[in-house]
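Examination of the molecular architecture
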Amino acid sequence: MRMLRALYQRFSHLLREVAKFGTVGAVAYVVQLATTNLFWSVLGTPLLAGQALGTVCATVVAFLGNRYWTFGHRARTGLAREYVLFFLMNGVGLLIQVGCLWFSDAVLGLDGPLARNIAGNVVGVGLGSLFRFWSYRTWVFPARDAAEPGTAPAAEAPASRA
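Residues numbered from 1 in each chain as written. Predicted model: local features only at pLDDT ≥ 70, side-chain atom pairs only at ≥ 80, totals over all residues. Heavy atoms only, no water.

1. Thoughts on the pattern of salt bridges
Counting across every chain of the model gives four salt bridges. In this structure, Arg74 and Glu17 form a salt bridge, with 3.2 Å as the shortest nitrogen-oxygen distance. With Arg74 in the loop between helix 2 (47-70) and helix 3 (79-107) and Glu17 in helix 1 (residues 2-42), this pair connects stretches of sequence that are 57 residues apart. Taking relative accessible area as the criterion, Arg74 reaches 5% and is therefore assigned buried. (Salt bridge = Lys/Arg side-chain N within 4 Å of Asp/Glu carboxyl O. Helix = DSSP H or I, 4+ residues; strand = E, 2+ residues; numbered from the N terminus. Buried < 20%, exposed > 50% of the residue type's maximum accessible area, 1.4 Å probe, protein only.)

2. Notes on the confidence of the model for the protein chain
Summary statistics for the protein chain give a mean pLDDT of 86 and a share of 90% for residues scoring 70 or more. The least confident element of the protein chain is helix 1, whose mean pLDDT is 90; the most confident is helix 3, at 93. The low-confidence segment residues 149-162, where pLDDT is below 50, has 15 contacts with residues more than four positions distant or belonging to other chains. (pLDDT = per-residue confidence, 0-100. Contact = heavy atoms within 4.5 Å.)

3. Quick notes on the nonpolar core
Membership of the largest hydrophobic core comes to 15 residues, with the highest contact counts inside it found for Ala62, Phe71, Phe86, Met89, Tyr136, Val140 and Phe141. Examining the composition of this core, we find that four residues originate from one element, helix 4 (residues 113-140), more than from any other. Those residues in contact with Met89, other than ones at most four positions away along the chain, are Phe131, Arg132, Ser135, Tyr136, Trp139 and Val140. (Core = buried A, V, L, I, M, F, W, Y, C linked by side-chain atoms within 4.5 Å.)

4. Some words on helix 4
The end-to-end C-alpha distance of helix 4 is 35 Å, clearly below the 40 Å that 28 residues give at a rise of 1.5 Å each. At Gly124, helix 4 shows its largest bend, some 35°. Taken together, the buried positions of helix 4 are occupied by Ala115, Ala119, Gly120, Gly124, Gly128, Phe131, Arg132, Phe133, Ser135, Tyr136 and Val140. Where helix 4 is buried, its residues meet helix 1, helix 2 and helix 3. (Expected span 1.5 Å × (residues − 1). Bend = angle between axes of the 7 residues up to and from the residue.)

5. A few points about the packing of helix 2 against helix 3
In contact at an axis separation of 11 Å, helix 2 and helix 3 are set at 120° when each is read in the N-to-C sense. In terms of orientation, helix 2 lies oblique with respect to helix 3. Note that helix 2 runs across helix 3; the crossing there is right-handed. Mapping the contact onto sequence places Thr59, Val60, Ala62, Phe63, Asn66, Arg67 and Tyr68 in helix 2 and Leu79, Glu82, Tyr83, Phe86, Phe87 and Asn90 in helix 3. Residues belonging to the contact of helix 2 with helix 3 are distributed by class as follows: eight nonpolar, three polar and two charged. (Axes fitted to C-alpha atoms, helices over the stretch in contact; angles between N-to-C directions. Parallel < 35°, antiparallel > 145°, perpendicular 65-115°, else oblique. Left-handed = near helix turned anticlockwise from the far one by under 90°. Nonpolar A, V, L, I, M, F, W, Y, C, P; charged D, E, K, R; others polar.)

So this is what it looks like as structure tokens:
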């Protein structure tokens, strides 16, 4: 029992970040679906333009949620820098997703609707999300430097901010 408690105490901050990251991602996904369909149905936007605009809206929501909530306790390195890196890391995540879809189709020869959804929307989104979470924590929203005046390192961040 002590070992479980020690593990939880050691990783509780990471677990909270993962839960917040997932929540922000779910909200952004709903925004993407709603805005894309709004662009298509109500505004009559062409197919690809509506998809792109809906994705941009969702990415803005994801950026704001991750910057101010998921990783709000981490260092601030400048809005423009964080925004550009966030979009770049999302692009890499998208390449991972498309790469999984390509591998399933071109290498494994699995091209049916179920295989496409598993490769692109389960495996691809899963691996892309793992990359995004890691890259956001590493480059976009880095941990506070212990030498930074008036701040606590991420490992010592107060639990009340969670």
